[in-house]
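# Summary of the model geometry
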Amino acid sequence: MTYEQAREELVEVVRKLEAGGTSLEESLALWERGEELAATCQRWLDGARERLNKAQEAHQEKTN
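Now for a quick tour of the structure.

So, how was this worked out
- Residues numbered from 1 in each chain as written.
- Predicted model: local features only at pLDDT ≥ 70, side-chain atom pairs only at ≥ 80, totals over all residues.
- Heavy atoms only, no water.
- Core = buried A, V, L, I, M, F, W, Y, C linked by side-chain atoms within 4.5 Å.
- Buried < 20%, exposed > 50% of the residue type's maximum accessible area, 1.4 Å probe, protein only.
- Helix = DSSP H or I, 4+ residues; strand = E, 2+ residues; numbered from the N terminus.
- Contact = heavy atoms within 4.5 Å.
- Salt bridge = Lys/Arg side-chain N within 4 Å of Asp/Glu carboxyl O.

## Topic: the nonpolar core
- Of all hydrophobic cores here, the largest spans six residues; its members are Ala 6, Leu 10, Val 13, Leu 30, Leu 37 and Cys 41.
- Elements that contribute at least two residues to this core include exactly α1 (3-19) and α2 (24-63).
- If we skip the residues at most four places from it in the chain, Val 13 touches Leu 30, Arg 33, Gly 34 and Leu 37.

## A short note on the pattern of salt bridges
- A complete count under the given rule lists six salt bridges for this structure.
- Where Glu 9 meets Arg 33, a salt bridge forms, and the shortest distance between an N and an O atom there is 2.8 Å. Here Glu 9, found in helix α1, pairs with Arg 33, found in helix α2; they are 24 residues apart in sequence, far enough to count as distant.
- Judged by its relative accessible area of 29%, Arg 33 falls in the partly exposed class.
- Where Asp 46 meets Arg 49, a salt bridge forms, and the shortest distance between an N and an O atom there is 3.2 Å. Of this pair, Asp 46 and Arg 49 both sit in helix α2, separated by three residues, roughly a single helical turn.
- Judged by its relative accessible area of 37%, Asp 46 is partly exposed.
- Salt bridges sharing common partners tie together Glu 9, Arg 33 and Glu 36.

The following block contains the structure:
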């Protein structure tokens, strides 16, 4: 799942939770799915941050 896919699904989960009208069981399932999607997004962001840091370090080594 790409970052964009996870983020879009997370937005939809939040929209459904905020709208209400779901049973407690459905709300819990949505919450759990939202937690999974948020973790997926965070892993993507952490990976991107790591790659950016490595690229910056490599650039600094070349310029020194």
